[in-house]
Amino acid sequence: MALNLEAVGKVWGPYEFTYNERDLMIYALGIGFTRESLEYVYEGSKDFKAFPTYGVVFPNSAAAEAFLSTKANFAMVVHGEQVFEIHNPLPRSATVSTTTVIEGIYDKGSGALIMMRLDTKEKNGIPLCSNWIGIFVRGAGGFGGPAQPKKEIPAVPVKNPDFVFEAKTWADQAAFYRLTGDRNPLHIDPALAKAVGFKEPILHGLCTYGVACRRFVQEVLKGDAGRVKSYAARFSSPVFPGDTLQVKVWEGRSGLYLLEVYNTQGGAVLKNGVIETK
């Protein structure tokens, strides 16, 4: 079935989403925080707060109607890229509203890229964050549509990384991360995973994204997550729960870091990573 190009430019929402301290703790545990980080996993901590990338959870429900309007074949869909921008710190509990717009459907030849923007604010109107989600639809290209506008992504310097560190995952991490709201059976059902070409269920791309940010904050920002302004990355290959990942970080200009994440075989799982800090 051809993609519905008339979906471009339409706005959906606002959609309301309510979260509380329990949701923040589930997310923090899901991306690998432990009891050693009480500010994210214990509501009684005097420093309890949301880890910034919890904001990527808001599109779980707000993006569904917009995505379905494109008539993309869900079985041929993979998460291509994610851009996350923080406007204000997330409250420890809130009811927020999110609007969605499809910015473009781009012809990539071998497939199509659906780019959605989601803006989230508190009920009182204070802006919290924006997400841009790139969904790649395999086999849907060649329709003569526009090419994706080029982005100015800083090149990784031709030198050794300034930081190199591990990011461990665990065997049941995908099963746990599903509790944040992403119930795609690809991450839990072995039969379905094999049917679409994977040896076993894979880790959610946004879980890998969160794990990498957690380790970046711990190693590079010395735990100060409040310094993160934005975070972008492209998903280049799957992660299997239990993999130990290697994160490489290069310092760019002031307040900008370039990031790549590799699996144990040396294959990149996140590329074009860019984190801006205060």
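Given the structure is predicted, the values throughout are model-derived calculations rather than measurements.

### Points about the overall build of the protein chain
Consideration 1: Counting its regular elements, the protein chain contains 7 helices and 10 strands.
Consideration 2: By principal-axis analysis of the C-alpha atoms, the protein chain measures approximately 55 × 45 × 45 Å.
Consideration 3: Counting only residues that meet the buried cut, the protein chain has 47% of its 278 residues in that class.
Consideration 4: Across the protein chain, contacts joining residues at least 24 apart in sequence account for 71% of those joining residues at least 6 apart.

### Describing the side chain of Asn 263
Consideration 1: As for its placement among the helices and strands, Asn 263 is situated in the loop between strand 9 (256–262) and strand 10 (268–277).
Consideration 2: Among the polar contacts made by the side chain of Asn 263, one reaches the main-chain amide nitrogen of Gln 265 at a distance of 3.1 Å.
Consideration 3: In this structure the side chain of Asn 263 is engaged in a polar contact, spanning 2.8 Å, whose partner is the backbone nitrogen of Gly 267.
Consideration 4: Asn 263 has contacts with Ser 237, Thr 244, Leu 245 and Val 269, leaving out every residue within four places of it along the chain.

### Focus on the pairing of strand 7 (residues 228–235)
Consideration 1: Within strand 7, 6 of the 8 residues are buried, leaving the element largely enclosed by the surrounding structure.
Consideration 2: Pairing between strand 2 (residues 77–86) and strand 7: 5 bridges, direction antiparallel. When the sheet's bridge partners are listed, Gln 82 is paired in strand 7 with Ala 233.
Consideration 3: Pairing of strand 7 with strand 10 involves 6 bridges; the strand directions are antiparallel. Within strand 10, the position partnered with Tyr 231 by the bridge is Ile 275.

### Here's the deal with the packing of aromatic side chains
Consideration 1: According to the stated counting rule, one finds 13 aromatic pairs in the structure shown.
Consideration 2: When the ring of Tyr 19 is compared with that of Phe 58, the centres are 5.8 Å apart and the planes differ by 35°; the resulting orientation is tilted. Placement of Tyr 19 in strand 1 (residues 11–19) and of Phe 58 in the loop between helix 2 (38–41) and helix 3 (59–62) is noted, with a sequence separation of 39 residues between them. For the pair shown, Tyr 19 and Phe 58 are each scored as buried.

### Here we look at the environment of Pro 157
Consideration 1: For Pro 157, the location among the structural elements is in the loop between strand 5 (127–138) and strand 6 (163–168).
Consideration 2: Those residues in contact with Pro 157 that sit more than four places away from it in its chain are Trp 250 and Leu 258.

### Re helix 7 (residues 205–219)
Consideration 1: Here helix 7 contains 15 residues, and its C-alpha end-to-end distance of 21 Å stays within 8% of the 21 Å for a straight helix at 1.5 Å per residue.
Consideration 2: The element helix 7 is extensively covered by neighbouring structure, given that 12 of its 15 residues are classed as buried.
Consideration 3: Every buried residue belonging to helix 7 is among Leu 206, Cys 207, Thr 208, Tyr 209, Gly 210, Val 211, Ala 212, Cys 213, Arg 214, Arg 215, Phe 216 and Val 217, and all of these are buried.

Conventions adopted
- Residues numbered from 1 in each chain as written.
- Predicted model: local features only at pLDDT ≥ 70, side-chain atom pairs only at ≥ 80, totals over all residues.
- Heavy atoms only, no water.
- Helix = DSSP H or I, 4+ residues; strand = E, 2+ residues; numbered from the N terminus.
- Buried < 20%, exposed > 50% of the residue type's maximum accessible area, 1.4 Å probe, protein only.
- Contact = heavy atoms within 4.5 Å.
- Polar contact = N/O pair within 3.5 Å; in protein donor to acceptor, adjacent residues only side chain to side chain.
- Pairing = 2+ DSSP bridges.
- Phe/Tyr/Trp six-rings, centres within 6.5 Å; stacked < 30°, edge-to-face > 60°.
- Expected span 1.5 Å × (residues − 1).

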